Amino acid sequence: MLEITNISKTFNPGTVNEKVALNGVSLKLEEGDFVTVIGGNGAGKSTLLNAVAGTWPVDEGSIVIGGVNVTRMAEHKRAKYIGRVFQDPMLGTAATMQIEENLALAKRRGQKRTLKVGITAAERQEYKELLESLGLGLESRLTAKVGLLSGGQRQALTLLMATLQKPKLLLLDEHTAALDPKTAAKVLEATERIVQKDQLTTLMITHNMKDAIAHGNRLIMMHEGRIAVDVSGEEKKKLTVEDLLQLFEKASGQEMANDRMLLA
């Protein structure tokens, strides 16, 4: 479903600020894979996600989504293959529009525009059921303006919007990092449920090792623009934070830096 082959990305090449963000990264995801991506600051996690999304063009290598080579495809064109939830809850929704209007926009994305106006009763019922599954009480607030929602409610809504059309690839860019622990846990539960129900191929960046271990069927850890650790299946199920740190130290030859990485 996603095939990344030997991609590289250097920012500000030939200057004192030169930074090699991706250094020959190759990664293949089968349909339905849920891969968590972890690593310290500057490891290349966000650059990898942005390269897949088309935010940054890569210097070398190729990116294929669902059999389509999107390497040189503009970001807005490859967006039809991708659902994305950003770290900032303020992104991904229209604050001045109602909850149901935001969902309708996401539901009709890519469809031919007509003179049809409004939201049907069937659509409204579908949105209610989807919102009810979040457990945040939004099903009774369909006509509320999104700008009135809390960060967690807004992020959960963004998650629904990103997955309504069942994208070929779901990108989650630290989508719970700005939330309090209780709300983050709810959004992660909803994420797991939606991904499993629709068998969505997913890449999720996180700084939290426990979350990376607890969710998905595969975990990769990046370091200096490369994939240093790649575990899946039974090995991942049995993984602990201590195991992960040892794998990283063995692969990189150094201890994990004490930055934003959450070890517990």
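Structure report, in brief.

Scoring rules and cut-offs
Residues numbered from 1 in each chain as written. Predicted model: local features only at pLDDT ≥ 70, side-chain atom pairs only at ≥ 80, totals over all residues. Heavy atoms only, no water. Helix = DSSP H or I, 4+ residues; strand = E, 2+ residues; numbered from the N terminus. Buried < 20%, exposed > 50% of the residue type's maximum accessible area, 1.4 Å probe, protein only. Pairing = 2+ DSSP bridges. Axes fitted to C-alpha atoms, helices over the stretch in contact; angles between N-to-C directions. Contact = heavy atoms within 4.5 Å.

### Points about unusual backbone geometry
Piece 1. Unusually for a residue other than glycine, lysine 166 sits at a positive phi of about 50°.
Piece 2. Checked against the element boundaries, lysine 166 lands in the loop between helix 5 (151-163) and strand 7 (169-173).

### Re the pairing of strand 3 (residues 34-39)
Piece 1. For strand 3, the tally of buried residues reaches six of six residues, placing the bulk of the element in the interior.
Piece 2. Side chains Phe34, Thr36 and Ile38 project from strand 3 onto one buried face, and the interleaved Val35, Val37 and Gly39 project onto a second face that is buried too.
Piece 3. One ladder, built from four bridges, connects strand 3 with strand 8 (residues 202-205); its direction is parallel. Pairing of valine 35 across the sheet is with leucine 203, part of strand 8.
Piece 4. As paired strands, strand 3 and strand 9 (residues 218-223) are joined by five bridges and run parallel to one another. Within strand 9, the residue paired with valine 37 across the bridge is isoleucine 220.

### Side note on the sheet that holds strand 8
Piece 1. Spatially, the six strands line up as an open sheet ordered 6-7-8-3-9-10, and their pairing is mixed. In the strand order of this sheet, the two ends are held by strand 6 (82-85) and strand 10 (226-232), each with one partner. Strand-to-strand twist in this sheet, taken as the mean axis angle between neighbours without regard to direction, amounts to 20°.
Piece 2. Sitting on the sheet, helix 5 touches strand 6 and strand 7, and the angle it makes with strand 6 is about 175°.
Piece 3. Sheet strands in contact with helix 6 (residues 181-198) are strand 3, strand 7 and strand 8, and its direction is about 140° off that of strand 3.

### Things to note about the sheet that holds strand 5 (residues 68-69)
Piece 1. Ordered by their spatial adjacency, four strands build an open sheet running 2-1-4-5, and the pairing between neighbours is antiparallel. Since the sheet does not close on itself, it has two edges, and those belong to strand 2 (19-29) and strand 5, each with one partner.
Piece 2. Bridge analysis of strand 4 (residues 60-65) against strand 5 gives two bridges, and the strand direction is antiparallel. Bridging across to strand 5, isoleucine 65 finds its partner in valine 68.
Piece 3. On the sheet, helix 1 (residues 45-53) packs against strand 1 (2-11), strand 2 and strand 4 and is oriented at approximately 115° with respect to strand 1.

It is worth stressing that arrangement in space is one thing and function is another; only the former is reported here.
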